[in-house]
Amino acid sequence: MNELNIAKTLILKRKEKGITQDELANYIGISKASVSKWETGQSYPDITFLPQLATYFNITVDELICYEPQMIKEDINKLYQRLCKDFTVKPFDEVMDEIRETIKKYYSCFPLIYQMGVLIINHYDLVDEEKRELLISEALEIFIRIRETSDDIEICRQSKGMEATCYILLNQPIEVIDLFQDSNFPMVNESILLAQGQMMNGQTSEANETLQIGAYQNLTLLVQDLVGLLQNSDKSQIEEIERRILMISDTFDLDALSPGIMFSVYLTQIQMNLIHGNTKGAIKSLQRYVDLAMSDIYPIMLHSDDFFNHIDGWISDIGTGITRDDTIVKAGIVAAIKNNPMFSVLNENKEYRFLIEKLSLLEE
């Protein structure tokens, strides 16, 4: 957002209109000296003059004072990625201060404050345990405000999902249930209906894009739902659920297309196998986790591939880019295994120790 710069606007608009300082002063009912001071930045017009000046030049008051309460998508993405990088090179509190000031400055720019909330959630674990709840609660307030205030259905839907994520992180399951229990499930065939309309209207390329976006979203949701089933399965179901997830992953090359989801898959598989005493299965999943971690997947971000080759426009529109700096991402990938007390039962296992040594190379 530009700083208030009435002087620049007055000079520009007065010259465009072809009038002198005297003529503008006479119209407003003030002295020429006052207009001169406005244009040199020595003083500002009284607030009661702003509507009159804006009307005279046929512009809005916001345009008159160079006030832009909204930030464009490209600038939001740039700011997010810069702040993301800042978390690796600056004190955490310093970056948070800038985030809070940005939210105050653009309080009505919901796409921006949504991304600031997401930024907090993506980095809250960088602080000590006792401070995390406060940060999550701070982000939660942002998402609640957007959901309750914004007229943008899509950003409200996204905020609702992030609100639920915050409740889960805060160990408040009842709030999650209350948030969704009165909501209808979204139409599962929405993308199909839209694509049919586009095809009927001769918009073949648009229809392909719509169907690919729908397929991509449903694919990732399917895998996430299967991970949820895995977490709630008994010993007899684990192997079959794992097999189906891996079959889907291999078919769509999800290790390359969506590594973030697959890290979650492999980590859950390790944990569930350990819970049910299957050390061999846990090591096998850990091998996949380490192989993925050591592969060429960085930076981890939403992207297209040879199959999903019509979704770049959608990716650009939703502004999904790098959520965390590579250094932080890699440290988190290593910590998820090395710092997990559940895995201590494998400390004497040679294959486990070898894989941990290999994984630790990410931190170098």
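Residues numbered from 1 in each chain as written. Predicted model: local features only at pLDDT ≥ 70, side-chain atom pairs only at ≥ 80, totals over all residues. Heavy atoms only, no water.

**Q** Explain the overall build of the protein here, please?
**A** What the protein contains, in helices and strands, is 20 helices and zero strands. Relative to a compact globule of 364 residues, whose C-alpha radius of gyration would be 21 Å, the protein shows 27 Å and is clearly more extended. Considered along the principal axes of its C-alpha atoms, the protein spans approximately 90 × 55 × 40 Å. Excluding contacts between residues fewer than 6 apart, the proportion of contacts in the protein whose partners are at least 24 apart in sequence is 63%. Here the protein has roughly 20800 Å² of accessible surface; of this, 52% comes from carbon and sulfur atoms. (Helix = DSSP H or I, 4+ residues; strand = E, 2+ residues; numbered from the N terminus. Rg over C-alpha atoms; globule rule 2.2 N^0.38 Å. Contact = heavy atoms within 4.5 Å. Areas by Shrake-Rupley, 256 points an atom, 1.4 Å probe, with all protein chains shown as cover.)

**Q** How do you make sense of helix α8 (residues 110-123) when you look at a structure like this?
**A** Taking 1.5 Å per residue as the helical rise, α8 with its 14 residues ought to reach 20 Å, and the 20 Å between its terminal C-alpha atoms agrees with that figure. Of all the 14 residues making up α8, 13 are buried; the element is thus mostly covered by neighbouring parts of the structure. (Expected span 1.5 Å × (residues − 1). Buried < 20%, exposed > 50% of the residue type's maximum accessible area, 1.4 Å probe, protein only.)

**Q** Just to check I follow, could you spell out the side chain of Asp325 for this structure?
**A** Counting through the fold element by element, Asp325 comes out in the loop between α18 (312-318) and α19 (326-338). One polar contact links Asp325 to Lys85, side chain to side chain, over a distance of 3.4 Å. (Polar contact = N/O pair within 3.5 Å; in protein donor to acceptor, adjacent residues only side chain to side chain.)

**Q** In this structure, what is going on with unusual backbone geometry? I would like to understand it.
**A** Peptide bonds are, in most cases, trans, and in most cases residues other than glycine have a negative phi. Across the junction of Tyr298 and Pro299, the peptide omega takes the value 0 degrees, indicating a cis bond. With respect to the helices and strands, Pro299 occurs in the loop between α17 (279-293) and α18. In this structure, Asn171 takes a positive phi of about 60 degrees despite not being glycine. Following the sequence through the fold, Asn171 ends up in the loop between α10 (153-169) and α11 (173-181). Under the relative-accessibility criterion, Asn171 is labelled exposed at 65%.

**Q** Would you mind showing me how to read the packing of aromatic side chains here?
**A** A ring pair, where both rings are aromatic, is described by two values, the distance of the centres and the angle of the planes. For the structure shown, the criterion picks out 11 aromatic pairs. Pairing Tyr216 with Phe308 gives two aromatic rings, centres 5.4 Å apart and planes at 85 degrees, and the pair type is edge-to-face. Placement of the pair is Tyr216 in helix α13 (residues 204-231) and Phe308 in the loop between α17 and α18, with a sequence separation of 92 residues. The same class applies to Tyr216 and to Phe308, which are both buried. Arranged with centres 4.9 Å apart and planes meeting at 85 degrees, the rings of Phe307 and Phe308 form a pair that is edge-to-face. If you follow Lys330 out to its NZ or CZ, it ends over the ring of Tyr298, 4.7 Å from the centre. (Phe/Tyr/Trp six-rings, centres within 6.5 Å; stacked < 30°, edge-to-face > 60°. Lys NZ or Arg CZ within 6 Å of the ring centre and 35° of its normal.)

**Q** Just to check I follow, could you spell out the pattern of salt bridges for this structure?
**A** A side chain of one charge can pair with a side chain of the opposite charge when the charged atoms of the two come close. Summed over all chains, the structure comprises 15 salt bridges. For Asp97, the salt bridge identified is with Arg100, shortest N-O distance 3.7 Å. Taken together, the residues span about one helical turn, with Asp97 and Arg100 both in helix α7 (residues 92-105) at a distance of three residues. A relative accessible area of 44% means that Asp97 is categorised as partly exposed. The partner of Glu129 in a salt bridge is Arg132, and the shortest N-O contact between them spans 3.4 Å. With Glu129 and Arg132 both in helix α9 (residues 129-149), this residue pair falls three residues apart, about one helical turn. (Salt bridge = Lys/Arg side-chain N within 4 Å of Asp/Glu carboxyl O.)

**Q** Quick question: what am I supposed to make of the side chain of Gln198 here?
**A** Counting through the fold element by element, Gln198 comes out in helix α12 (residues 190-200). For Gln198, a relative accessible area of 12% gives the class buried. Of note is the side chain of Gln198, whose polar atom sits 3.4 Å from the backbone nitrogen of Ala207.

**Q** So what exactly am I meant to see when it comes to the nonpolar core here?
**A** Soluble globular proteins: nonpolar side chains tend toward being buried together. Of all hydrophobic cores here, the largest spans 48 residues; its most connected members are Tyr289, Ile333, Ile337 and Leu359. Counting only elements with at least two residues in this core, the list comes to α13, α14 (235-252), α15 (254-257), α16 (259-275), α17, α18, α19 and α20 (350-360). Of the residues forming this core, the biggest block, nine residues, is contributed by α16. Among residues more than four places away in sequence, those in contact with Ile333 are Phe263, Tyr289, Ala293, Tyr298, Ile300, Leu359 and Leu362. In terms of nonpolar packing, the next biggest core, distinct from the first, is built from 41 residues, Tyr80, Val118, Leu119 and Cys166 among them. (Core = buried A, V, L, I, M, F, W, Y, C linked by side-chain atoms within 4.5 Å.)

**Q** Got a minute to help me understand a nonpolar patch on the surface in this structure?
**A** Residues Ile192, Met199 and Leu211 make up a contiguous nonpolar surface patch of roughly 260 Å² in combined accessible area. Topologically, Met199 is positioned in helix α12. Overall, Met199 belongs to the partly exposed group, its relative accessible area being 47%. (Patch = residues over 30% accessible without salt bridge, like charges linked within 9 Å, V, L, I, M, F, W, Y side chains within 5 Å.)

**Q** Would you mind showing me how to read helix α1 (residues 6-17) here?
**A** Residues separated by three or four positions in an α-helix point in the same direction, a consequence of the helix having 3.6 residues per turn. Counted at 1.5 Å a residue, the expected span for α1 with its 12 residues is 16 Å, and the 16 Å between its end C-alpha atoms agrees. Residues of α1 that are buried: Ile6, Ala7, Thr9, Leu10 and Arg14. In a view along the axis of α1, the buried residues occupy a sector of 160 degrees, so they form one face of it. More than 90 degrees from the buried face of α1, the exposed residues found are Lys8, Lys15 and Glu16. Structurally, α1 contributes buried residues whose contacts are with α2 (21-28), α3 (32-40), α4 (50-56) and α5 (61-64). At the C-terminal side of α1, Gly18 shows a positive phi close to 70 degrees. (Arc of directions from axis to C-beta.)

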